[in-house]
Structures are given as C-alpha cells and as structure tokens.
Amino acid sequence: MICTLCTQMLQDIREGNVAKLKPPGWEVGGAEEPGEGEKRNVNRMLRLDSIPCRFKHCQTLDGLRKSGNNCELCKYLSMFAEYRNFFRDPVQTKGSDVVTMGLYGDESFEAKQYDNIGKFLFHVGEGWKPRPLHMQIYEPIAEPSCLVEYIKDEKGVARAKESYTALSLGRPILQLDSEEDFDSLMALVQVWLNDCKQNHLLCRDDSNFIPTRVIDVGSLDDSRQPRLYVTSEKDRCTPYLTLSYCWGEQTQENTNLVTTESTFNERQISIPMDELPLCCRDAVKITRKLGFRFIWIDAICIIQEQEMKEDWIKESAQMAQIYANSILTISAGSSDRCNNRILQPRYGSDVGLQIQVKGNLSNETIGIREFPTALNQALRETEICKRGWTMQERALSSRILHFTPHQIFWQCTTTEHSEDGRNKEEMWGQNDHRLYLREELDPVELRQAWYRIVDEHKDLALTNPGDRLPALAGIAKAYHRQFKCKYLAGLWECHLPENLLWISNDIGPVIDHGKGKVPSWSWINAPGSIMHSHKTGYYDDSEILVTVEYATVEANNVDNEFLGYIRDAKIGLRGIIKKVKCLVPSFGKSDLREVDDADDQEYKDYNWQDSINFDRERDELQICWGLVISRHGDNDGSGAFEILLLEEVDAMHAIFKRVGTATLSPVKYRKLFRGASEKSIQLI
C-alpha cells in the first residue's frame, strides 16, 4: 500500500511528459542548462537544481518517516536516508531536512546516455551535498528475455523500444532467499546460455577436450552424491562447467576440500554434499539445475599435496584448455572464501520494491530500487577480481556467469547481460582481456594488450609471490599463438629490448620467489606494481640500438616453458655501455653523471625529459652501468634515449643484473655517452 503523494508521483512519471504537463507537486525548469563538460560528468558532480523536473514529497525527512508507517515506498525511501553513511561523503541527516525527488530521462533534459533512462534521484538536504542517491523506476519485464532494447527517438532521446515514457524496462533483482528465486534465476541463465549456444558464432567451440578428472555432480534430488570422476575417450564430447573462486585463509574447511593421494580412491566413490565447502556446494547445485553432469574445481580435481609433484605440473599445464573449453565458468564473486556461499541473499536496496499503481485501464506494476550497480563497479568490489590466480580463469573462459553481491552478470565473447535487464551498452563492462585472446592483432596492438595484462596482474594478490608465473601461464600460452616466439619469464623474445624497459612504480624489498629464481630483468621481480609506457614499444616509433645475442630460460619443469618455476635465466646483449654515477638525493630529481664528475649539485644540466627509475632503494650516490636500449621520437630536443641501468656482478665475465631504467634527452645522452663503446654482456 502506498500513500497519495507516492501514487501521484509514480502516475505522473508513468504517464510521461512531466516537463510539458507540469502536474501539481512538480517544479519544472528554473535551472540553467548544464555545459558540455557538466553533461559529461553529470553522474559525478550532480547538482539537484540542475535537474529540470523536481518533486516536493513529504517536505521533511521526519514527514517521510511518519508516512512510512502506512506507505511501503515512503518506508523504503526513508531507509535510504540512513543508508547515506555508506557513501564517500557522509553527511549527518536531520529530521527537518527537506526531501526532494529529481527525475532524469524527461524530454526537457534529453537524456541521450543509456544509463540515464529511468534514473530517479532521492535527495535529503539542500544544495548538492550530500549527493543524491540514484534510483531507478522501471517497468518489470514479464518474460526472461535476453535483452532490453533501446532506440533513440526523433530528438535523439534514448528510450526503451517498447516504452513511450520516461521509465526504463527492467527485470526485478531477486532476493535469492528461497528455492523459488533460485529456480527463476537459473531459468534466466538458461535463456542466456541457450541463446549463446544457438546464435553466437564467436562463442562456439567444437573442441572435444575434457579434463583428466571432473566432479560428477550427482542427482538434483541428492539421491546420488557427487564424486570424483576420471574421464576417458568416451567422455570427450561431454560438456562441463568450471568454478573460479577464492580459496581464502587456510582453515579446516578448505583443508578438507583438497584431494590428496590418501583421499583419491574414496572420492571416486562419493563426496558427500555436507562435506563440501559452501562455495563448492552451491557450484554443484547450479551445475545440476542447469542440466549438466560435470564441473571442474581445481582443489578437488588436482592432487594438491605437493605443487611440484607430477600430477600438479601435468594438470596445471592444461589450465588454459580447461577454462577455454568449459561450457560455462561460474565466477564466485559473491564469496570471498571457499566456505562462503555463492547464492547469498541480495541487498535490500538492490532488490527494491514492486508497487501496484493505478493506470488508465488497470493497475500496473512499477519497480523502484537503487540504480543497479554497473558490471565494472560490481566486479571491482569483489575479492575474486583482486586475486592473481583468477584473472586467467576469467580471461580464458568464453562464457562467464558472474555472481556478485548485487546481482548476476553474463559475459561471453559476443555480448553481456545483467539480471536487472540492462543491455551491453548500459553496463560499461571493464577491460575484457578475453577478446584479445580471440582476435588477430597487429604487432603494436599485441604488445599493448600484453602490457595491459601484466600491468594489471602485478597489482593482483598472490598468497605465494613465487606463483606469479604459474598464475599467468594460461594467458601466456594463449598469447604465444600470436607472438610466435620464445616466452622468457614474462617477456617475449621477439620484442625483448623493449620488454626490458618496464618501470617499477614501487621501491621495496626483494621478493621471496620460493622455489623459483626470477631474473633481475623480468618485471616479475619488481617489488610492487609496474608500468609499461611508450618507451617499451607501446607505440611503434622506437629504434632499437641493442642486439640480442642469446636468451635462455630454464624451468624446473623442462616440458613447459610457461608454467615451471625458473631455475636459471640469462640474456646476452651487445650494445653501447658506459659506467656512470647515479645521484639519488633524499629529495629531488635523480640524475646520471660522469664517473669523474665531482659536482653533486642537483638539477645540473636539467631537462624535463631526463628521468631515472630504480627497482629498489639505492644509496644517495653509487656507481652503475648504463646500457643504451632504444631511441624514440626525433633526434632533436623532442626525442629521447632509453637506458637500462645495471649493476656489475662479475667483471671478468661481463655479467650484470638490472637495477632500473633511465630516459635521457638527446643533449644529455650525447654528453654522457661521449666516447662510449659497444660491448657484449650477460644479464642475469
């Protein structure tokens, strides 16, 4: 039941043309048209008085709360006033604060952006602080259709294809606290999956690959329990799902999850559901409901006792194939550890209300909720997208079903869907590395795509820092098909000089790589995040000034150059090299000088292009070596030379290790490297 004010407001919005008809209770106009810059940032810096249609509701917050005793919408809106403390700029609300509603998507505002359709604002207070809460008013879709289609009218205003009002079309976000909700959600996923299998040519996979072991999920009624199943030739065309999840802290529950040599035979008979961690239990339930027999979960399908044992090496080497050939990957973003559920009840603000409003002919349902969280924001909030191992699981999968605390999202190679009904254009999905694995890229695009992968991966967490290479192995193996050259501890031989010029954004201690021995020249050895810029061949304007004489990487697992922990790695380079003095002041700009330059004055011969980036903390003054790698731009004041900074390890055999990089202007370069000669060195 809703009050008279809420009924009037929703009916006016449902009928549309609020700005033209100016019904009672609405303030129309009186605000300047926002400039182009303000329009572009209208969702970031929002002033309530810039919205052309405003509705004075219960006048004050106290009035809204009082009305909430008899009106479910007023009660829901007053809850949002308390919800304000979750925002970045929390402002204490008072009972006397004015309550105002603002409307996006009306003809007078010409909401040409898809994400403004049906957007509604709830504001408590004056001015534009605190920021209004974004809400959505929508017409619920009766059937679980794949997509809400939008068109632009003659004025260029985006509207739902089957709607002539300021409302959007949408699907209700389910509370997911009952079996009925679960069944409805799986029915929607089944629609998306069937549509993808039947109509998406890019998503089709005719491979007959199946992992060595999978979990046979048993029966829907639990009369047959899950079990570990060893596959054979007859299973090759059988579809299977995969699970991408967070392991979490070491507990008894996730210790019980793993398959060991002692439990291997027992698990082929049965794995009781109540012994599975909650995350895996829900994954089995989803697999059953979608009508599939098999799911692959790493901790159960790989014998986990010792990482370097034969089974772990063999099965981990198939990681790229396992996820790439899965019919669907379940991404457990709503669970931050294996003993948390995937199928968790949603936030009340996301679910919202379904309200009956009297229309022209009959009562009609209108939905109201907090404006749905976009795909990129929802994923950024999940723990799973902060972990190093799960990145390749998402990147290699052709179809992903994301479970987030807000709602579910579908991503495949062709399109994206959301539970709330928005289409791909509205969801603003994050950088999708899966597409780069399936497209033929030119050399510059290929380097850029790889750099984006490794820059992002270096920011992701790993329980064991030494797992960086294995956690990236599946993606590296997929990129190898396009690079077509030797993979060298995160770098590619065909672009090795440029690849060596990565920049360390953090200065910190040496990382313990455990079983591995990572070379100084690999970005994996950086203490924190890294960056690849134009100097690394990001743009195709570099002239390489060094020759690669040899490059070798030996892994503990000699059969897999992508996966194994590194035992030995070295590069032979020939180029112009000179001993230089590095001036590293406590404050100010680092500089390179001649070794015999006694003047330690800062900013001597300063040029804005000159810069030094060390991989570790250095003494304020030390001797190192500079190896000239490349030149980019013009050979005048606008160009620059890229230098690899080295520390001498063995003078007799000319063995060095990397300590940083430098960029020098042509003037500085010619002065500093005057008289320098070429030399062959070994970099370890």
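Keep in mind the model is a prediction, meaning the values are calculated, not measured.

Rules behind the numbers
- Residues numbered from 1 in each chain as written.
- Predicted model: local features only at pLDDT ≥ 70, side-chain atom pairs only at ≥ 80, totals over all residues.
- Heavy atoms only, no water.
- Helix = DSSP H or I, 4+ residues; strand = E, 2+ residues; numbered from the N terminus.
- Buried < 20%, exposed > 50% of the residue type's maximum accessible area, 1.4 Å probe, protein only.
- Contact = heavy atoms within 4.5 Å.
- Salt bridge = Lys/Arg side-chain N within 4 Å of Asp/Glu carboxyl O.
- Axes fitted to C-alpha atoms, helices over the stretch in contact; angles between N-to-C directions.
- Parallel < 35°, antiparallel > 145°, perpendicular 65-115°, else oblique.
- Left-handed = near helix turned anticlockwise from the far one by under 90°.
- Nonpolar A, V, L, I, M, F, W, Y, C, P; charged D, E, K, R; others polar.
- Core = buried A, V, L, I, M, F, W, Y, C linked by side-chain atoms within 4.5 Å.
- Phe/Tyr/Trp six-rings, centres within 6.5 Å; stacked < 30°, edge-to-face > 60°.
- Lys NZ or Arg CZ within 6 Å of the ring centre and 35° of its normal.
- Expected span 1.5 Å × (residues − 1).
- Polar contact = N/O pair within 3.5 Å; in protein donor to acceptor, adjacent residues only side chain to side chain.
- Pairing = 2+ DSSP bridges.
- Disulfide = S-S within 2.5 Å.
- 1 Å grid on protein atoms, 1.4 Å probe; cavity = no way out; pocket = protein on both sides within 12 Å on 5 of 7 lines; lining within 4 Å.
- Points joined across faces, edges and corners; volume = space filled by probe spheres on them.

Engineer: Can you explain the overall build of the protein? Please cite residues and give values.
Structural biologist: The secondary structure content of the protein amounts to 21 helices and 31 strands. Taking all 684 residues of the protein together, the buried fraction comes to 56%. Excluding contacts between residues fewer than 6 apart, the proportion of contacts in the protein whose partners are at least 24 apart in sequence is 70%.

Engineer: Can you lay out the pattern of salt bridges for me, pointing to particular residues and giving the numbers?
Structural biologist: Scanning the model with the defined rule gives 19 salt bridges in all. Put simply, Arg293 and Asp216 hold a salt bridge, and the shortest N to O gap is 3.0 Å. Here Arg293 is found in the loop between helix H9 (278–289) and strand S12 (294–296), whereas its partner Asp216 is found in strand S9 (residues 213–216), with 77 residues between them in sequence. Exposure remark for Arg293: the relative accessible area of 36% places this residue in the partly exposed category.

Engineer: For the packing of helix H15 (residues 388–396) against helix H19 (residues 468–483), give the residues involved together with the corresponding values.
Structural biologist: Viewed as axis vectors pointing N to C, H15 and H19 meet at an angle of 25°, and their least axial separation amounts to 7 Å. In terms of axis orientation, H15 runs roughly parallel to H19. At the point where H15 passes H19, the crossing takes the left-handed sense. When H15 is examined against H19, the residues Gly388, Trp389, Met391, Gln392, Ala395 and Leu396 are found in contact with a partner set consisting of Pro470, Ala471, Leu472, Ala473, Gly474, Ile475 and Ala478. Across the contact of H15 with H19, the residue classes tally to 10 nonpolar, 3 polar and no charged.

Engineer: Describe the nonpolar core, with residues and values.
Structural biologist: Looking at soluble globular proteins, one finds that nonpolar side chains tend to be buried together. With 64 residues, the main nonpolar core has Leu243 and Phe403 as its most contacted residues. Top contributing element to this core by residue count: helix H6 (residues 179–199), with 8 residues. Residues contacting Leu243, with those up to four places away along its chain left out, are Cys279, Cys280, Ala283, Ile295, Trp296, Ile297, Tyr323, Ile330, Ala332, Ile342 and Glu393. Formed by 50 residues, the second largest nonpolar core is a distinct cluster that contains Trp492, Leu496, Ala551 and Phe656.

Engineer: A description of the environment of Gly102 should follow, citing residues and the corresponding values.
Structural biologist: Along the polypeptide, Gly102 turns up in strand S3 (residues 98–103). For Gly102, a relative accessible area of 0% puts it in the buried group. With 18 residues separating them in the primary sequence, Gly102 and Phe120 have C-alpha atoms 5.8 Å apart.

Engineer: Would you mind going over the packing of aromatic side chains in detail, with residue names and values included?
Structural biologist: Between two aromatic rings, the relevant description is the distance of the centres plus the angle of the planes. One pass over the structure, following the stated rule, counts 14 aromatic pairs. Taken together, the ring pairs connect Trp450, Tyr479, Phe483, Tyr487 and Trp492 into an aromatic cluster. Sitting over the face of the ring of Tyr138, Arg369 holds its NZ or CZ atom 3.9 Å from the ring centroid. In this arrangement the basic side chain of Lys679 is found over the ring face of Trp625, its NZ or CZ atom lying 5.6 Å from the centre.

Engineer: Describe helix H18 (residues 443–457), with residues and values.
Structural biologist: In this model H18 runs 21 Å from its N-terminal to its C-terminal C-alpha over 15 residues, within 8% of the 21 Å that 1.5 Å per residue would give. For H18, a buried count of 11 out of 15 residues is recorded, marking the element as mostly surrounded by other parts of the structure. Among the residues making up H18, those that are buried are Val444, Leu446, Arg447, Gln448, Ala449, Trp450, Tyr451, Ile453, Val454, Asp455 and His457. Regarding H18, its N-cap is Asp442, as a side-chain oxygen of that residue lies 3.0 Å from the backbone nitrogen of Val444 further along.

Engineer: Mind laying out the sheet that holds strand S16 (residues 399–403), listing which residues take part and the relevant values?
Structural biologist: Ordered by their spatial adjacency, 8 strands build an open sheet running S10-S9-S12-S11-S13-S16-S17-S18, and the pairing between neighbours is mixed. The sheet is open, and its two borders are formed by strand S10 (227–230) and strand S18 (416–418), each paired with just one other strand. Adjacent strand axes in the sheet meet at a mean angle of 30°, parallel and antiparallel pairs treated alike. Summarising the sheet, S16 and strand S17 (residues 408–412) pair through 5 bridges and their orientation is antiparallel. Residue pairing in the sheet places His402 in a bridge with Phe409 of S17.

Engineer: So what about the state of the cysteines? Which residues, and what values?
Structural biologist: All told, the structure shown has 0 disulfides when counted by the stated rule. Looking at Cys203, it has no disulfide partner, and the nearest cysteine sulfur is the one in Cys196, 3.6 Å off. When its relative accessible area of 2% is taken as the criterion, Cys203 is described as buried. Of the cysteine sulfurs around Cys246, a residue in no disulfide, the closest is that of Cys279, at 8.5 Å.

Engineer: Residues and numbers for the side chain of Arg658, please.
Structural biologist: Within the fold, Arg658 resides in strand S30 (residues 655–664). At a separation of 2.6 Å, a polar atom in the side chain of Arg658 contacts the main-chain carbonyl oxygen of Leu500. Side-chain polar atoms of Arg658 contact the backbone oxygen of Trp502, separated by 2.8 Å. Among all residues touching Arg658, those that are not within four sequence positions of it are Leu500, Leu501, Trp502, Ser520, Trp521, Asp615, Leu644, Leu645, Leu646 and Leu683.

Engineer: Help me get a handle on the layout of surface pockets, residues and values and all.
Structural biologist: If a probe as big as a water molecule is rolled over the atoms, it shows which places are left empty. Approximately 890 Å³ is the volume found for the second largest pocket. Along the walls of the second largest pocket sit 30 residues, with Trp247, Asp298, Trp389, Thr463 and Asp467 positioned nearest its centre. At the level of secondary structure, the elements contributing two or more residues to the lining of the second largest pocket comprise helix H10 (298–301), helix H11 (310–316), helix H12 (319–324) and H15. Among the elements that line the lining of the second largest pocket, the one with the most residues is H15, at 4 residues. A per-class count over the lining of the second largest pocket returns 12 nonpolar, 9 polar and 9 charged.

Engineer: I'd love a proper account of the side chain of Lys578, names of residues and values included.
Structural biologist: Relative to the helices and strands, Lys578 resides in strand S25 (residues 566–583). Given a relative accessible area of 14%, Lys578 falls into the buried group. A polar atom in the side chain of Lys578 sits 3.1 Å from the side chain of Glu594. Only 2.7 Å separates the side chain of Lys578 from the backbone oxygen of Leu672, close enough to count as a polar contact. Beyond its immediate stretch of four places on either side in the chain, Lys578 contacts Glu594, Cys624, Trp625, Gly626, Leu672, Phe673, Arg674 and Ala676.

Engineer: Pulling in residues and values, what's your account of the packing of H18 against H19?
Structural biologist: In the contact formed by H18 and H19, the axes pass within 12 Å of each other and the chain directions differ by 175°. Viewed along their axes, H18 and H19 adopt a mutual orientation that is roughly antiparallel. Note on element contacts: H19 touches H18 through Arg468, Ala471, Leu472, Ile475, Ala476, Tyr479, Gln482 and Phe483, opposite Leu446, Arg447, Ala449, Trp450, Ile453, Val454 and His457. Split by residue class, the contact of H18 with H19 holds 11 nonpolar, 2 polar and 2 charged.

Read these as spatial facts, not as claims about activity.
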